[in-house]
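# A closer look at the structure
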Amino acid sequence: MIIGKIVGETTASECQFKTDKKIRFGEYVMVKNIDDENVLGVIRNIKASGDHFICSVKVLGVLKGNKLLPNRSPIVYGGDVCLGDEEILKSLFYNEKGIKIGHLLTRESINVYLDIDKLVSRHFAVLAVTGGGKSNTVAVICKELGRKNGTLIIFDPHGEYMKLHHESIEMKMNPLTAKIDPSLLSPNELSDLIGIDEEDKKKAIAEGRLIAKGLPAAPGAVSGKVVFNADDAVKLA
């Protein structure tokens with residue numbers, strides 16, 4: 001569906017288009033570069049001017065199947081701008097072995113997944129302004145990992161996750177009051193402390209229930225409570 005035309009100067013990383021259709025910030029659009037390649041972009045700003053709108057687009061990359069590659073050519077001046085194809089967007093945001101964390105704000109039919117292995121095999125952070133949904137995002141990730149029988153250790157100094165609830169982790173939470181600095185413990189000592197049996201780990205691996213491997217983290221002092229069953233969580237709430 002054509003929604004507008006490219007106007008003004010273009011680069012390989014951004015462009016603008018003019019439209020008389022109502023469109024939302026964050027919507028995905030498709031354009032062409034001077035090499036006649038399909039390019040995916042996202043609307044980052046909208047200005048109203050009379051009876052039309054001028055939308056600024058951040059270029060995300062060139063579409064190659066269900067992958068995005070760097071775009072190295074300017075966008076075609078005067079070219080058509082189309083809404084991002086729903087099937088293409090679904091394939092880009094889907095991960096068969098991933099966890100679902102929500103859907104696109106502009107397309108509720110398009111779910112967004114995170115790759116579990118990439119998520120836990122390296123350091124990552126959830127960053128946003130106050131009220132931006134950091135705690136909710138972490139809670140969703142924890143619930144979805146619990147749905148896949150993942151084991152989580154949550155250091156919760158502010159008690160934000162004490163009331164974490166989901167049918168997939170019900171009766172599996174075990175809150176503990178931290179009396180030992182976890183950074184001073186080896187991985188095996190920490191496993192013993194929170195009740196993860198070595199034989200259970202071997203059995204999980206043998207049964208194919210291992211969903212990812214994590215890399216060693218840098219040491220750091222932490223404090224808080226960890227819960228693994230609902231009864232203890234209620235007592236400490």
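Only a predicted model underlies this, so the values are computations on that prediction, with no experimental measurement involved.

### Quick look at a negative patch on the surface
- On the surface, E189, D192, D197 and D200 cluster together into a negatively charged patch.
- Inspection of the secondary structure puts D197 in the loop between α4 (187-194) and α5 (198-206).

### Some points on the nonpolar core
- Residues I6, F17, V29, I43, I75 and V81 are the most contacted members of the largest nonpolar core, which totals 15 residues.
- Residue assignment for this core shows that the elements contributing at least two residues are β1 (2-7), β2 (14-19), β3 (28-32), β4 (38-49) and β5 (52-64).
- L40, V42, L104 and V112 belong to the second largest nonpolar core, which has nine residues in total.

### Here we look at the layout of surface pockets
- The space that makes up the second largest pocket amounts to roughly 440 Å³.
- In terms of lining residues, the second largest pocket is bounded by 16 residues, among which G26, Y28, H103, L104 and L105 are the most central.
- Residue assignment for the lining of the second largest pocket shows that the elements contributing at least two residues are β4, β5 and β8 (99-103).
- The element that contributes the greatest number of residues to the lining of the second largest pocket is β8, accounting for three residues.

### Topic: the environment of Y113
- With respect to the element layout, Y113 can be found in strand β9 (residues 111-114).
- The exposure class assigned to Y113 is partly exposed, which follows from its relative accessible area of 24%.
- In this structure, the C-alpha to C-alpha distance between Y113 and G102, residues 11 residues apart in sequence, is 7.5 Å.
- Excluding residues that lie within four positions of it along the chain, Y113 makes contacts with F93, Y94, N95, G98, I99 and K100.

Criteria and thresholds
Residues numbered from 1 in each chain as written. Predicted model: local features only at pLDDT ≥ 70, side-chain atom pairs only at ≥ 80, totals over all residues. Heavy atoms only, no water. Patch = residues over 30% accessible without salt bridge, like charges linked within 9 Å, V, L, I, M, F, W, Y side chains within 5 Å. Areas by Shrake-Rupley, 256 points an atom, 1.4 Å probe, with all protein chains shown as cover. Salt bridge = Lys/Arg side-chain N within 4 Å of Asp/Glu carboxyl O. Lys, Arg positive; Asp, Glu negative; His and termini not counted. Charge placed at Lys NZ, Arg CZ, Asp CG, Glu CD. Helix = DSSP H or I, 4+ residues; strand = E, 2+ residues; numbered from the N terminus. Core = buried A, V, L, I, M, F, W, Y, C linked by side-chain atoms within 4.5 Å. Buried < 20%, exposed > 50% of the residue type's maximum accessible area, 1.4 Å probe, protein only. 1 Å grid on protein atoms, 1.4 Å probe; cavity = no way out; pocket = protein on both sides within 12 Å on 5 of 7 lines; lining within 4 Å. Points joined across faces, edges and corners; volume = space filled by probe spheres on them. Contact = heavy atoms within 4.5 Å.

Don't take any of this as a statement about function, it's just geometry.
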